Amino acid sequence: KMVTLLKERGCEAIAASSRLENRSDVEAEIDSVKPKFVLNCAGVTGRPNVDWCEDHKAETIRVNVIGTMSLIDLCETRGIHVTNFATGCIYKYDDEHTIGGKGFTEEDKPNFTGSFYSLTKGMVETMCRAYKHVLTLRFRMPISDDLNHRNFVTKITKYARVVDIPNSMTTLFDMLPVAALMIHKGLTGVFNFTNPGAVSHNEILTHYRTHVDPTFWWANFTEEQCNAILKAERSNNTLDTTKLETALADVRIPPIKEAVEGVFIRMAENLKAEGAFPPVNFKDSEGIPKPADAK
């Protein structure tokens, strides 16, 4: 999506063919292309989810830590600006940062290590701060206007039960153009890169049912019940976007509740254009039992 966006804006954008874990290949490609900017969107998140990283720690380190730092170091020695598409899933609500209270800032130390994936991401961000040419964008639970398998919405629509906790999230339709602007400006440092505010899983799924699939259902369970069936805990937090909004004072970034509704209006239009509206109800098609407490 980022390559397409940049090309639509008249920029020459080349998708890399080298793999992060292969330093010599990455170095050769950088020296061949001689880019002004490098965008790192690569990383191991695991399939089907981050639980994979718990059983593949060496592979996760090789890409998320060694590979990412190698890329940044190669660019440092060549004076190339790097944008690292990172994550804000390095925090969890605590006594100081409660649901509905103040959000985590860019200067708060990571307090979530419940998953190996998040642990590696927190380590890399700390090390990235030693490099002055790096722009770190902390995405969270990215949401797109389609039903791509990487879309946060697609993931949670397949679950019979979800937790209902407000979280900071990133709508790609609104935020990728902001990323392009920040890169063009040559900004550096760490930024919480989410739409302002927080939205809950129930709010998202309600919009999905309203705009996309009127037959859709789901039920809730607690965070403790969720963690009991997973190998790794999940991060839940709200990020403070003051630094981002201040740096781009002339750009309106829609609050997440507004942005999410726009996502589903566009999603419905896209699915209709594809002749795929309404989409197949995954849970019903897979014969997943509907709980008595389903909404």
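Our structure's up above, just so we're on the same page.
Residues numbered from 1 in each chain as written. Predicted model: local features only at pLDDT ≥ 70, side-chain atom pairs only at ≥ 80, totals over all residues. Heavy atoms only, no water.

**Remarks on the overall build of the protein chain**
Alright, step 1. Scanning the protein chain for helices and strands turns up 12 helices and six strands.
Alright, step 2. Since a compact globule built from 295 residues should have a radius of gyration of about 19 Å, the 19 Å found for the protein chain is in line with a globular shape.
Alright, step 3. For the protein chain, the spread of C-alpha atoms along the principal axes amounts to about 60 × 40 × 35 Å.
Alright, step 4. Burial status across the protein chain gives 47% buried among its 295 residues.
Alright, step 5. A fraction of 80% describes how many contacts in the protein chain between residues 6 or more apart in sequence connect residues 24 or more apart.
Alright, step 6. Accessible surface computed for the protein chain: about 14400 Å², of which carbon and sulfur atoms make up 54%.
Alright, step 7. Computing the positive centroid from 35 side-chain charges and the negative centroid from 39, the protein chain places the two 2 Å apart. (Helix = DSSP H or I, 4+ residues; strand = E, 2+ residues; numbered from the N terminus. Rg over C-alpha atoms; globule rule 2.2 N^0.38 Å. Buried < 20%, exposed > 50% of the residue type's maximum accessible area, 1.4 Å probe, protein only. Contact = heavy atoms within 4.5 Å. Areas by Shrake-Rupley, 256 points an atom, 1.4 Å probe, with all protein chains shown as cover. Lys, Arg positive; Asp, Glu negative; His and termini not counted. Charge placed at Lys NZ, Arg CZ, Asp CG, Glu CD.)

**A look at a nonpolar patch on the surface**
Alright, step 1. A cluster of nonpolar side chains, contributed by Leu-119, Met-123 and Met-127, occupies part of the molecular surface with about 230 Å² of accessible area.
Alright, step 2. Mapping Met-123 onto the fold places it in helix H5 (residues 116-128). (Patch = residues over 30% accessible without salt bridge, like charges linked within 9 Å, V, L, I, M, F, W, Y side chains within 5 Å. Salt bridge = Lys/Arg side-chain N within 4 Å of Asp/Glu carboxyl O.)

**Things to note about the pairing of strand E3 (residues 134-139)**
Alright, step 1. For E3, the buried fraction is high: six of the six residues fall into the buried class.
Alright, step 2. Burial of the side chains of E3 extends over both faces: Val-134, Thr-136 and Arg-138 are buried on one face and Leu-135, Leu-137 and Phe-139 on the other.
Alright, step 3. In this view, the connection linking strand E2 (residues 81-87) to its parallel neighbour E3 by way of H5 has right-handed handedness. (Right-handed = clockwise from strand over helix to strand, strands pointing away.)

**Brief notes about helix H7 (residues 172-185)**
Alright, step 1. Counted at 1.5 Å a residue, the expected span for H7 with its 14 residues is 20 Å, and the 19 Å between its end C-alpha atoms agrees.
Alright, step 2. Of the residues making up H7, those classed as buried are Leu-172, Asp-174, Met-175, Leu-176, Val-178, Ala-179, Ala-180, Met-182 and Ile-183.
Alright, step 3. One or two residues past the end of H7 sits Gly-186, with phi positive at roughly 75°. (Expected span 1.5 Å × (residues − 1).)

**Remarks on the environment of Thr-188**
Alright, step 1. The residue Thr-188 is located in the loop between H7 and strand E5 (189-192) in this model.
Alright, step 2. Residue class for Thr-188 comes out partly exposed when judged on its relative accessible area of 35%.
Alright, step 3. Along the primary structure Thr-188 and Val-124 are separated by 64 residues, whereas in three dimensions their C-alpha atoms are 16 Å apart.

**Observations concerning the sheet that holds E2**
Alright, step 1. Strand order in this open sheet of four strands is E1-E2-E3-E5, and the pairing throughout is parallel. Each of the sheet's edge strands pairs with one partner strand only, and the pair in question is strand E1 (37-40) and E5. On average, adjacent strands in this sheet sit at an angle of 15° to one another, irrespective of strand direction.
Alright, step 2. Across the sheet, H5 is in contact with E2, E3 and E5; its angle to E2 comes to roughly 150°.
Alright, step 3. On the sheet, H7 packs against E1, E2, E3 and E5 and is oriented at approximately 170° with respect to E3. (Pairing = 2+ DSSP bridges. Axes fitted to C-alpha atoms, helices over the stretch in contact; angles between N-to-C directions.)

**What about helix H2 (residues 23-33)?**
Alright, step 1. Turning to H2, its buried residues are Val-26, Glu-29 and Ile-30. With its buried residues spanning 100° around the axis, H2 presents them on a single face. Summarising the geometry of H2, the exposed residues directed more than 90 degrees from the buried face are Ser-24 and Ser-32.
Alright, step 2. Close packing links the buried residues of H2 with helix H4 (57-76).
Alright, step 3. Positioned one or two residues after H2, Lys-34 has a phi angle of 55°, which is positive. (Arc of directions from axis to C-beta.)

**Things to note about unusual backbone geometry**
Alright, step 1. Residue Pro-48 is reached from Arg-47 by a cis peptide bond, and omega for that bond is 5°.
Alright, step 2. Here Pro-48 is to be found in the loop between E1 and helix H3 (51-55).
Alright, step 3. Going from Phe-277 to Pro-278, the amide bond is cis rather than trans, its omega being -10°.
Alright, step 4. The topology assignment puts Pro-278 in the loop between helix H11 (256-273) and helix H12 (282-285).
Alright, step 5. Unusually for a residue other than glycine, Lys-34 sits at a positive phi of about 55°.
Alright, step 6. Within the secondary structure, Lys-34 sits in the loop between H2 and E1.

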